[in-house]
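# Descriptive structure summary
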Amino acid sequence: MVKKYSVKELLNKGKYFIDKKVLVEGWIRSFRYSIFITLNDGSTIKNLQIILSNKLDKIIIKKITIGSSIRVIGIIKKSIGTKQYIELQSLDIIIYESVDPKILQKSILQPKKHSFEKLREQAHLRFRTNIFSCVMRIRHHIAICIHRYFHENGFFYLHTPIITTSNCEGTGKMFQITTMDLKNKSINYAEDFFKCKTYLSVSGQLEAETASLGLGKVYTFGPVFRAENSNTSRHLSEFWMIEPEIAFYHLEENINLAENFLKFIIKYIIDNSIEDLIFLNQCLEKWNKKKKNYLLEKLELILKFPFKKISYTEAIKILDQEEKKKNIKFLHSIIWGMDLQSEHEQYLVDKYFKIPVIIFDYPCSIKAFYMRMNNDGKTVRAMDILFPEIGEIIGGSQREERYDILLQRMKDTKTDQNILWWYLDTRRFGSVPHSGFGLGFDRLVQFITGMNNIRDVIPFPRTPKNAEF
Ligand code: 4AD
Ligand code: MG
């Protein structure tokens, strides 16, 4: 039996394999002069060059097309060409399936530049493209290092439910789930599967809070669902969120954790995904006219300085002054109490500070019921982290741990206490100061890979009017 290797293993340890017999499988990326094949198996951005034996049957050669899946047994040789260090001289080749040139023509496997929209229309084939496979490999490494960070820092991974009866964030629409026949107009939810109205969860935070109030440090990492009709390059209807929750943490500790966490991830990706980052950078140079090394410099800038930390009130003051100085004219005018729009966030991050910005102590009127009230009675211990290009990447807060104040906030925000009785209850059994945040995983992947649209960093994007793939 000849041992099977991935293209990555062969290319990474090229020297070791010289003159050895190996088996490799993958898909054909190019076929030239009836003898050179470049093969990719998804393990790396790089391809293996295969030299076909000149004894190969003409019938087989005819079947070799771009996109075909093959198995090759051959001997690794030092390459004569300068492009690659090693190549595979084939002894035996099996074609699993070849691609009809007529259908290849219309597919995104045809080696030429295709728009990202076209790639999305053939989402089942996207994984075979250089660009998308790069993004997917990086996405994987980000997920792995997130688990690693928390594990190494004493957090427990908590699985929170996807089906819920409550709306943690209060604002915005949720997807309802039911097994009932909705044609029947008089719906009685007591007859529904769960005997009540249920939804897909927008966040695992409330459950994570209850767990942290026993386990100390926990985090969630799962899909969340939002039914807002937002058709932007930063919104998905189904996205992945990471939500750490820590007992005995105040807002400052929460902010420091978030900054340290983001820097850890970015450093990890620079250290572990450099080949894919370099490839993405080359694409961005070509397509978006970005300068050389743009992506790496952008990532290194995140590591270089402490993030800028300002209160909401200070942020409003800066935006107001900048407008008065006629440095900028915003579409939405600046008033204390307003929710910051992306034009304001972008101005602060991309133009004013030019580094990530953490804004804290927002007005209570624009934030969720669970955030801890400050002594001024007007602001809450919230914090948002704003990143260059994409804006809000993290939203978090210190939580309201005082029973009476939380109850009042629930009343003020019309949050149903009957549904959330168990959440309130935690404030009667040894309540403690605690904090946490939510990191939008897909937005982070978008930032790190430099993709313009969030739909191009998730395998199967769900957005309004789009759930086919
Ligand atoms: O700010 P959000 O809504 O915060 C929460 O859900 C809190 N419960 C988190 C917590 O404190 N545990 O969402 C958190 C992050 C945002 O900062 C953003 O990065 C991302 O989730 N996000 C989205 N990403 C993609 N598509 C959407 N529609 C998103 N909405 C929020
Ligand atoms: Mg938010």
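To be clear, the structure that these remarks concern was listed above.
Residues numbered from 1 in each chain as written. Chains lettered and ligands numbered in written order. Predicted model: local features only at pLDDT ≥ 70, side-chain atom pairs only at ≥ 80, totals over all residues. Heavy atoms only, no water.

### Brief notes about unusual backbone geometry
At Lys289, a residue that is not glycine, the phi angle is positive and equals roughly 55°. For Lys289, a relative accessible area of 70% gives the class exposed. One non-glycine residue with positive phi stands out, namely Lys414, at about 55°. When you line up the elements, Lys414 lands in the loop between α13 (403–412) and α14 (421–425). (Buried < 20%, exposed > 50% of the residue type's maximum accessible area, 1.4 Å probe, protein only. Helix = DSSP H or I, 4+ residues; strand = E, 2+ residues; numbered from the N terminus.)

### Considering the packing of aromatic side chains
Under the criterion given, the structure shown has 27 aromatic pairs. Between Phe116 and Trp287, the aromatic rings sit 5.8 Å apart at their centres with planes inclined by 75°, giving edge-to-face as the arrangement. Of this pair, Phe116 sits in helix α5 (residues 116–121) while Trp287 sits in helix α9 (residues 274–288); the two residues are 171 residues apart in sequence, bridging distant segments of the chain. On the basis of relative accessibility, which here comes to 24%, the residue Phe116 falls in the partly exposed class. Take Trp287: its relative accessible area is 30%, and that puts it in the partly exposed class. Arranged with centres 5.4 Å apart and planes meeting at 65°, the rings of Phe127 and Phe132 form a pair that is edge-to-face. Given the relative accessible area of 36%, Phe127 is considered partly exposed. (Phe/Tyr/Trp six-rings, centres within 6.5 Å; stacked < 30°, edge-to-face > 60°.)

### As for the side chain of Arg137
Within the secondary structure, Arg137 sits in helix α6 (residues 130–152). Residue class for Arg137 comes out buried when judged on its relative accessible area of 13%. Not counting chain neighbours up to four residues away, the residues in contact with Arg137 comprise Gly42, Ser43, Thr44, Ile45 and Asp276. (Contact = heavy atoms within 4.5 Å.)

### Considerations on empty space enclosed by the protein
Following the criterion strictly, the structure yields one cavity of 30 Å³ or more and no others. Reported here for the largest cavity is a volume of approximately 40 Å³. (1 Å grid on protein atoms, 1.4 Å probe; cavity = no way out; pocket = protein on both sides within 12 Å on 5 of 7 lines; lining within 4 Å. Points joined across faces, edges and corners; volume = space filled by probe spheres on them.)

### Remarks on the pattern of salt bridges
On inspection of all chains with the given rule, the structure shows 26 salt bridges. By sharing partners, the salt bridges in this structure join Glu209, Glu245, Arg399 and Arg427 into a single network. (Salt bridge = Lys/Arg side-chain N within 4 Å of Asp/Glu carboxyl O.)

### Quick notes on the site of ligand 1
If you check the shell around ligand 1, you find 23 residues, and the closest are Glu169, Gln205, Arg226, Glu243 and Glu392. Residue Glu169 places a side-chain N or O atom 2.7 Å away from a nitrogen atom belonging to ligand 1. The separation between an oxygen atom of ligand 1 and a polar side-chain atom of Glu392 is 2.6 Å. Taking 630 Å² as the accessible area of ligand 1 by itself, protein coverage stands at 92%. Taken together, the elements giving at least two residues each to the shell around ligand 1 come down to β11 (238–247), β15 (391–398) and β16 (434–440). Element by element, the count of residues in the shell around ligand 1 is highest for β15, at five residues. A breakdown of the residues in the shell around ligand 1 according to their chemical character gives nine nonpolar, seven polar and seven charged. (Near = heavy atom within 4 Å. Polar contact = N/O pair within 3.5 Å; in protein donor to acceptor, adjacent residues only side chain to side chain. Areas by Shrake-Rupley, 256 points an atom, 1.4 Å probe, with all protein chains shown as cover. Nonpolar A, V, L, I, M, F, W, Y, C, P; charged D, E, K, R; others polar.)

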